[in-house]
Amino acid sequence: MSSEPSGPTRVDRRSFLGQLGVGAASLVSLAASASASTSKVDPPPPGKNVEGLLDTPAARSNHAFEIRMRAAEMARDRSAVAQVSNGEEALYPNRIANFSKGLPHNGFGEVDIAAYDTYLDALKSGNPAQFEGLPMGLGRKLTNPLAGMAFDLEGPDGHHLAQAPAPTIASGEGGSELVELYWMALSRDVHFSDYGTSAIVAGAATDLSRFPDFRGPKASGQVTPQTIFRGSTPGDLVGPYLSQFLWQGFHMGALTVAQRVWTLPAGTEYLTRYEDWLASQNGFENYSYPIDSTPRYIRNLRDLGQWVHVDALYQAYHQACLILLDIGAPFSAGVPYRNSATQIGFGTFGGPHILSLVTEVATRALKAVWFQKWFVHRRLRPEAFAGLVHHTRTGREYPVSRDILNSGALDALYSRNGTYLLPIIAPEGAPTHPSYGAGHATVAGACVTILKAWFDGSWELPRAVVADASGTALLSYAGPALAVENELNKLAANVAIGRNGAGFHYRSDYWESLKLGEKIAVGILEEQRETYRETCSFSFRGFEGQTITI
């Protein structure tokens, strides 16, 4: 059947404001005068109007101001958090374990130390002009470091959120994460439905099971074809590998959209030759690659990797929302108008509201995770980590996890490519910003949290489908029921882990960033709840299984 309609550097923000001419005293003064100007108005709590209060423009203006002030106070009063990196930047003076792509490197792919120090000085300064003096490699530019210094006027400030230190290159967890990526590269052309019979996937599961610190899902303590490369929530293990929201068709206004994608021909890989890998670390730009002449429904990691290579960042969740609205999925119990006899939602608590809100959180998520990337962790990309493994396997010693060196994935890749480098799905390799946290995963966490708050997570999706062997048609799915919450969690994992399958990120990038996005969305919902005339509440399960109530 066819179904038609993804020891940190702390920046002193007070001094940064000082550079802009805004002092703390000025901010206090502004807040005090604003408070004084509205001291005669006692606004009603949200959803509890007082007769006549909003009849005059002045009263309405003052009420709006008070709501803004309460939201600002809520954001200010969220607990401060410590920003802690994994310490590798100080541990290795040659900076081998930190992000340096685009800067000049030597013949082993080690960054020029003077250039790296200049880059650190620019980050510490927060001064846009100082970035203009960075010594660069072959031309590719760094991606927007100063986004991490931006303030946001809704939800928690990005500097009030934190991520745990990333796994190190010498740790068992860090090693297992890179080995998972090697196996994902080897498995890119295996159809998701064939995981149970694939020798490559069976070998990957056996190999990953020997890593005690591997954090992927398991069954009875073992990685299996049913759990491999999947996300970490229980719902990720139910049903097909791919979420229904990446297969089912939908309507966008008058458009009918079938989710067939322009993918890559089987076997298309990049950065497997050492000279290409080294040029990429130095910032060589190459965006030219072949496209399969037949558009296909996503059927394997190669298709998924190309999807997340070129997607618009909130695309998957906007599409999921359109699908849920198309099929009449019910809103959660606390969302107004679900049982109204006389009204439907529209600008509030209707289709236009949720469609805009699910995308609105994306830019706020990016600013928060960009602070983690550039100003706290600066984690090296998997392609650079694999370069250290390649050199260690070929005679130059680096402090990588010893468990990596015994993985059968390395020998399989060497026999195919003649190097131990990680095959990347894109000719340009990874983006020019640090690996941890992950932008796609943080946006996934934020957008999916909004959808889980809005829609009844227990509702079962009708007419589930799977892609056929060629990816040119959709077939009816027969298996366990697929609930909205589970498929949304799976959607977030598909997009974030799809980036891993492309060679761009690690498993911890996915999981820790998903949770960061959740915190951002919850904070936005908390603040926005004050703005509605309707009484509303949200209750849903978070990614770690906790009940979240707003």
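Everything that follows concerns the structure shown earlier in this document.
I will try to describe carefully the structure that is included in this document. (Residues numbered from 1 in each chain as written. Predicted model: local features only at pLDDT ≥ 70, side-chain atom pairs only at ≥ 80, totals over all residues. Heavy atoms only, no water.)

### Looking at the packing of aromatic side chains
Link 1 in the chain: Summed over the entire model, instances satisfying the criterion amount to 16 aromatic pairs.
Link 2 in the chain: Ring centres 5.9 Å apart and planes at 20° place the aromatic pair Phe371 and Phe375 in the stacked group. One end of the pair is Phe371 and the other is Phe375, both in helix α12 (residues 351–377) and four residues apart, which spans about a single turn. Each member of the pair, Phe371 together with Phe375, is buried.
Link 3 in the chain: Among the aromatic residues, those joined into a ring-pair cluster are Phe99, Tyr116, Tyr119 and Trp374.
Link 4 in the chain: Over the aromatic face of Tyr506 sits the side chain of Arg379, whose NZ or CZ is 3.8 Å from the ring centroid.
Link 5 in the chain: Taking NZ or CZ as reference, Arg396 lies 3.6 Å from the ring centre of Phe108, over its face. (Phe/Tyr/Trp six-rings, centres within 6.5 Å; stacked < 30°, edge-to-face > 60°. Helix = DSSP H or I, 4+ residues; strand = E, 2+ residues; numbered from the N terminus. Buried < 20%, exposed > 50% of the residue type's maximum accessible area, 1.4 Å probe, protein only. Lys NZ or Arg CZ within 6 Å of the ring centre and 35° of its normal.)

### Comments concerning unusual backbone geometry
Of all residues except glycine, most have a negative phi; of all peptide bonds, most are trans.
Link 1 in the chain: Put simply, Tyr436 and Gly437 share a cis peptide bond, and its omega is -5°.
Link 2 in the chain: For Gly437, the position within the fold is in the loop between α14 (408–417) and α15 (439–454).
Link 3 in the chain: Non-glycine residue Asn144 carries a positive phi angle of around 55°.
Link 4 in the chain: Mapped onto the elements of the fold, Asn144 is located in the loop between α6 (128–131) and α7 (172–186).
Link 5 in the chain: We note that Leu271 has phi near 65°; this positive angle belongs to a residue other than glycine.
Link 6 in the chain: Along the polypeptide, Leu271 turns up in the loop between β3 (260–261) and α9 (274–281).

### Focus on the packing of α9 against helix α13 (residues 382–393)
Working note: a packed helix pair is described by the angle between its axes plus the distance between those axes.
Link 1 in the chain: Between α9 and α13, whose axes approach to 11 Å, the crossing angle comes to 135°. Compared by their axis directions, α9 and α13 come out oblique. For α9 against α13, the interelement crossing comes out left-handed. Two secondary-structure elements touch here, α9 through Tyr274, Trp277, Ser280 and Gln281 and α13 through Glu383, Ala384, Gly387, His390 and His391. (Axes fitted to C-alpha atoms, helices over the stretch in contact; angles between N-to-C directions. Parallel < 35°, antiparallel > 145°, perpendicular 65-115°, else oblique. Left-handed = near helix turned anticlockwise from the far one by under 90°. Contact = heavy atoms within 4.5 Å.)

### Quick word on the environment of Val81
Link 1 in the chain: Looking at the secondary structure, you find Val81 in the loop between α3 (57–76) and α4 (88–91).
Link 2 in the chain: Take Val81: its relative accessible area is 28%, and that puts it in the partly exposed class.
Link 3 in the chain: Residues Val81 and His159, 78 residues apart in the sequence, show an inter-C-alpha distance of 8.1 Å.

### With respect to the pattern of salt bridges
Link 1 in the chain: Across all of its chains, the model carries 30 salt bridges by this definition.
Link 2 in the chain: Among the ionic pairs, Arg273 bridges to Glu275, the shortest N-O distance being 3.2 Å.
Link 3 in the chain: Owing to a relative accessible area of 46%, Arg273 belongs among the partly exposed residues under this scheme.
Link 4 in the chain: What you see here is one network of salt bridges that share partners, running through Asp152, Glu154, Glu360, Arg364 and Lys367. (Salt bridge = Lys/Arg side-chain N within 4 Å of Asp/Glu carboxyl O.)

### Section: the environment of Thr432
Link 1 in the chain: Mapped onto the secondary structure, Thr432 falls in the loop between α14 and α15.
Link 2 in the chain: Separated by 288 residues in the primary sequence, Thr432 and Asn144 place their C-alpha atoms 9.1 Å from one another.
Link 3 in the chain: With residues up to four places along the chain from it excluded, the contact list for Thr432 reads Phe99, Lys101, Arg140, Lys141, Leu142, Thr143 and Trp374.
Link 4 in the chain: A polar atom in the side chain of Thr432 sits 2.6 Å from the backbone oxygen of Lys141. (Polar contact = N/O pair within 3.5 Å; in protein donor to acceptor, adjacent residues only side chain to side chain.)

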